[in-house]
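Inside the fold
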Amino acid sequence: MARARAGAEDAYYELVRRYERPLYGLVARIVRDAATAEDLAQEIFVKAFRSLDAYDPARKFSSWLFKIAHNASIDHLRKRGLETQPLESGEEEGEDLLRRLADPTAVSPAQRHERLEMARALESAMGRLRPEYREIVVLRFQEGLAYEDIAEATGLPLGTVKTHIHRARKELAEFLAQLGYHPRSETRRASEP
Amino acid sequence: MNRRLDDAVERWLAAEAAREASASEPAEAALTTVFRHWPAPEPPRGFALAVMRRAGLARRRVDAFASRWVHAAIASALALAAVSVSLMPAFARLARLAFEPADIIGWGSRTLVAATQALAGALDVWGFLSRLGGALGAVVATPQVALSLVLVVLCAGGALRALDRLITAERSF
């Protein structure tokens, strides 16, 4: 980190390599478009590099980077008028991304199809969440950030972060239920006379 | 609609359906598992390099072997080598006919003498340089000159450091 701040190119390259997956994953799930996510994630890294002097080494680098990503993504969505491009729209690019998101460890065609369906449903449910909920869900459940780190990255009070996570989780489950995904026990209860 | 659900999704949805305050933690843990089994979007290949280029940091790597001209030159050289090898026996026969063994031995001896003379000349130059070095060393060994040299080295070091800082600052913006 110290070398990157001193302007060492190889050190910054290492930083980009270390954080490209979480950052791209976050941005892609917020903006929901592969090309936009690539462009925006690159822009975020460039912005971070140019503001390295402002980074306080006492703080976590990931939280600082996610804060830049949060601001850039929210700006982008605002400019785009908060419109979202659903991945399940059937467009070629969205379908391709979904295929990549579906569990690659699935072996049989039936299993692959099932996982693809699941990925499609999860993507669809995520797409219906508000962007700020989507971001918090990704930071919490995909990146495994603590509530405090999420609060730092998003600039929200800790209590609001907890409330948002709770509501986002509930909404996500509701959206999945609307798509036909229910826990087996509930389905069994419903089918009993 | 009833579909088979992945275990993680099943556990998560069951925890969410529990509607108990205590189910919040298991629901969070289960949703974390769902995300673990649901791979995140991956950045495209060469993403980091593209970032470096965009930040104006990546030096363009020139592949010397990428040019068609280099390919053509290598192919020509290989073809020439193949032709030369096939013609080698004929050249050897011609050389044997053109030169007598005595000529060859005489030529070898003359070459050896010339090489020895060149080596003696080089040794003379080395001797001169070592005498010069000795004389300079005697001058530098005096305290005044040594001190001046140390001061010059310190000044040069300071100047280089200042220059490096200037360049680094410029590169960051």
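Everything numeric here is computed off the predicted structure, so don't read it as measured data.

About the cut-offs
Residues numbered from 1 in each chain as written. Chains lettered and ligands numbered in written order. Predicted model: local features only at pLDDT ≥ 70, side-chain atom pairs only at ≥ 80, totals over all residues. Helix = DSSP H or I, 4+ residues; strand = E, 2+ residues; numbered from the N terminus. Buried ≥ 20, exposed ≤ 12 C-beta atoms within 10 Å, placed from the backbone. Axes fitted to C-alpha atoms, helices over the stretch in contact; angles between N-to-C directions. Left-handed = near helix turned anticlockwise from the far one by under 90°. Contact = placed C-beta atoms within 7 Å. pLDDT = per-residue confidence, 0-100. Core = buried A, V, L, I, M, F, W, Y, C linked by C-beta atoms within 7 Å.

**Considering the overall build of chain B**
If you tally the helices and strands in chain B, you get six helices and zero strands. Its helices and strands taken in sequence order, chain B reads α-α-α-α-α-α from the N to the C terminus.

**Some points on unusual backbone geometry**
Most peptide bonds are trans, and most residues other than glycine sit at a negative phi. Residue and element names in this part refer to chain A. Positive phi, close to 60°, is recorded for Arg 32, a residue that is not glycine. Locating Arg 32 in the fold gives a position in the loop between helix H2 (9-31) and helix H3 (34-50). Here Arg 32 falls in the buried class, since 24 other C-beta atoms lie within 10 Å of it.

**Some details on the packing of H2 of chain A against helix H3 (residues 47-54) of chain B**
Put simply, H2 of chain A and H3 of chain B touch, their axes get as near as 9 Å, and they point 115° apart. For the pair H2 of chain A and H3 of chain B, the sense of crossing is right-handed. Here Tyr 13, Val 16, Arg 17, Glu 20 and Tyr 24 of chain A of H2 of chain A come into contact with H3 of chain B, specifically with Phe 47, Ala 48, Val 51 and Met 52 of chain B.

**Re H3 of chain B**
Taken residue by residue, H3 of chain B has Phe 47, Ala 48, Ala 50, Val 51 and Met 52 of chain B as its buried positions. For H3 of chain B, the secondary structure elements touched by its buried residues are H2 and H3 of chain A. Gly 56 of chain B sits one or two residues past H3 of chain B and shows a positive phi near 75°.

**Quick word on the confidence of the model for chain B**
All names here are of chain B. Predicted confidence across chain B gives a mean pLDDT of 82, with 85% of residues reaching 70 or more. The secondary-structure element of chain B with the lowest mean pLDDT is helix H1 (residues 7-17), recorded at 82, while helix H5 (residues 101-140) shows the highest, at 91. Within the model, the stretch residues 1-5 combines pLDDT values under 50 with eight contacts to residues more than four positions away or in other chains. Confidence estimates for the predicted assembly give a pTM of 0.57 and an ipTM of 0.74.

**Quick look at the nonpolar core**
Grouped together as the largest cluster of nonpolar side chains are 62 residues, with contacts concentrated most on Leu 23 and Val 27 of chain A. Once residues within four sequence positions are removed from consideration, Val 27 of chain A is found in contact with Ala 37, Leu 40, Ala 41, Ile 44, Ala 69 and Ser 73 of chain A.

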